[in-house]
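Here are the chains, one letter per residue:
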Amino acid sequence: MYPLEKKETLFIKTFAWIVFIVFFLVISFNYISDSFLIFHQQPILFQASFEPNSRVLKTKYLRKNCRRFNALIFGTSRAVAYRTKDINQQFGVRSYNFGVAEETPRGIIEKLVWLDSKNCMPKTVFLPVSSDSTLFLRDSSKKPFNLVTMEHPWVVKKTSYWIDFLITYLTSRTVTKINVKKQLNYYGTRTQFQFDMSTGDVFYLWEKKFPVTDCARSSRTPPNKIPSGLAFQPEELAAQLIKIKVFTEERGSQIVLIWNPLPLDLQIQNLDKTEILLKKLSHHFQYLYRLPLSDKKLLDHVNYHDMGHFKSSIAKKVIALKNKTFVRVFVDELKKHQGTCDLMN
């Protein structure tokens, strides 16, 4: 071998080793930092100033403990306001709160299929929904991934997804930047989330003031105010909620539909889409639980952490037996209130 060839070979080997070492260090750093709490066992009770991937945390817990519960609460980050102790007392069940950030009907169905395969199908499924749930129909197991909302590979059940999952949390540039910021205390130490993995309850430790009115400023959300890549899809949402109901009942379980107590002006915004959703649901769901629109709690910001997240104190009122009503009656209630608003304007 000529000297030049030896130098080239040495360079290639040295470069390869450097790449390998850097790659190994990146993986090790991301595994140890683990901002989204993917790889490390967490205590039953813990607090965090950075939102982790609660899908993974709750899926891991239920895999070992699902037989402790006969009821599950599904839904978005709003669903965690329904405290398991309140649900248990009102309905006589042993519930676990599987509410997670930006949950979708597709995600709920995937979780139910996974639970059923583990002989962990709940006897009762609580399903809180909102009118703007029509915006959240993205599939969290497909690219591009949202780091807070990626499903656990146990739920997705695709070999290729395992690879995507590990690559994302161990090698992606975005995760590495976040982990570096975490190590530098960029996110601070002020606690914003408190988790109880034994029940799935999550406590939001912040309060934001905002105005709440009797009437929405506009009956529809202007197109430029809808998040990029999203669109209202009431027919699709209704079809998927009905699919959840059919799957649940085919396995001998029941489903309880709950209407989230968002601020009053938000409940009647985009009522044309909400009406489509509820009318389609009324053919399959006879009842839902809701807080009457006349309840003054819907007009007081003290009942909310922020505009999109209500507190457990108001959520507890929603599931009271007296607030069980026909879905078709609630449609009329919403329309009547908006009609009053139109007269006022």
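Quick note: structure is the one above.
The model shown is predicted, which means the values in this text are computed figures rather than measured ones.

Q: I tried to follow the state of the cysteines on my own but got confused; where do I start?
A: Scanning the model with the defined rule gives two disulfides in all. Covalently, C66 is tied to C120 through a disulfide, its sulfur atoms 1.8 Å apart. Placement of C66 in the loop between α2 (54-65) and β2 (71-73) and of C120 in the loop between α4 (105-117) and β4 (124-129) is noted, with a sequence separation of 54 residues between them. Note on C120: relative accessible area 9%, which makes it buried. Each disulfide pairs two cysteine sulfurs, and for C215 the partner residue is C341, the sulfurs being separated by 2.1 Å. With the S-S bond torsion at -85°, the cross-link from C215 to C341 turns out left-handed. In this pair, C215 is assigned in the loop between β6 (201-204) and α8 (234-250) and C341 in helix α12 (residues 327-344), connecting sequence segments 126 residues apart. Residue C215 is classed as buried on the basis of its relative accessible area, which comes to 13%. Each bonded cysteine of the protein is numbered by sequence order, and under that numbering the disulfide pairs are 1-2, 3-4.

Q: Would you mind going over the packing of α8 against helix α10 (residues 271-281) with me for this structure?
A: Helix packing geometry: the angle between the two helix axes and the distance between the axes. Contact pair α8 / α10: the axes reach a minimum separation of 8 Å and the direction vectors enclose 30°. It follows from the interaxial angle that α8 and α10 lie roughly parallel. For α8 against α10, the interelement crossing comes out right-handed. Where α8 approaches α10, its residues P234, E235, L237, A238, L241 and I242 are matched on the opposing element by K273, I276, L277, K280 and L281. Per-class residue counts for the contact of α8 with α10 are eight nonpolar, no polar and three charged.

Q: Any chance you could explain α4 here in plain terms?
A: Along an α-helix, a turn takes 3.6 residues, which lines up residues three or four apart on a common side. Here α4 is 13 residues long and its end C-alpha atoms lie 18 Å apart, about the 18 Å a rise of 1.5 Å per residue gives. P105, G107, I108, I109, K111, L112, W114 and L115 are the residues of α4 that are buried. Buried residues along α4 sit in contact with α2, β2, β4, α5 (153-156) and α8.

Q: Just checking my understanding: could you explain the sheet that holds strand β1 (residues 45-48) for this structure?
A: Two orientations exist for strands paired in a sheet by backbone hydrogen bonds: parallel and antiparallel. Pairing within the open sheet is antiparallel, and its three strands lie in the order β1-β5-β6. Of all strands in the sheet, those with a lone pairing partner are β1 and β6, marking the two edges. Across the sheet, the mean angle from the axis of one strand to that of its neighbour is 20°, orientation sign disregarded. Where β1 lies against strand β5 (residues 193-196), four bridges are found, and the strand directions are antiparallel. Pairing of Q47 across the sheet is with Q194, part of β5.

Q: Whenever I open this one, the packing of α4 against α8 confuses me. Can you help?
A: Taken N-terminus to C-terminus, the directions of α4 and α8 make an angle of 15°; their axes are 9 Å apart at the nearest point. Relative to α8, the element α4 is oriented roughly parallel. Classified by chirality, the crossing of α8 by α4 is left-handed. Side by side, α4 and α8 meet where P105, R106, I108, I109, L112, V113 and D116 of the first sit next to E236, L237, Q240, L241, K243, I244, F247 and T248 of the second. The residue inventory of the contact of α4 with α8, partitioned by class, reads nine nonpolar, two polar and four charged.

Cut-offs used in this document
- Residues numbered from 1 in each chain as written.
- Predicted model: local features only at pLDDT ≥ 70, side-chain atom pairs only at ≥ 80, totals over all residues.
- Heavy atoms only, no water.
- Disulfide = S-S within 2.5 Å.
- Helix = DSSP H or I, 4+ residues; strand = E, 2+ residues; numbered from the N terminus.
- Buried < 20%, exposed > 50% of the residue type's maximum accessible area, 1.4 Å probe, protein only.
- Axes fitted to C-alpha atoms, helices over the stretch in contact; angles between N-to-C directions.
- Parallel < 35°, antiparallel > 145°, perpendicular 65-115°, else oblique.
- Left-handed = near helix turned anticlockwise from the far one by under 90°.
- Contact = heavy atoms within 4.5 Å.
- Nonpolar A, V, L, I, M, F, W, Y, C, P; charged D, E, K, R; others polar.
- Expected span 1.5 Å × (residues − 1).
- Pairing = 2+ DSSP bridges.

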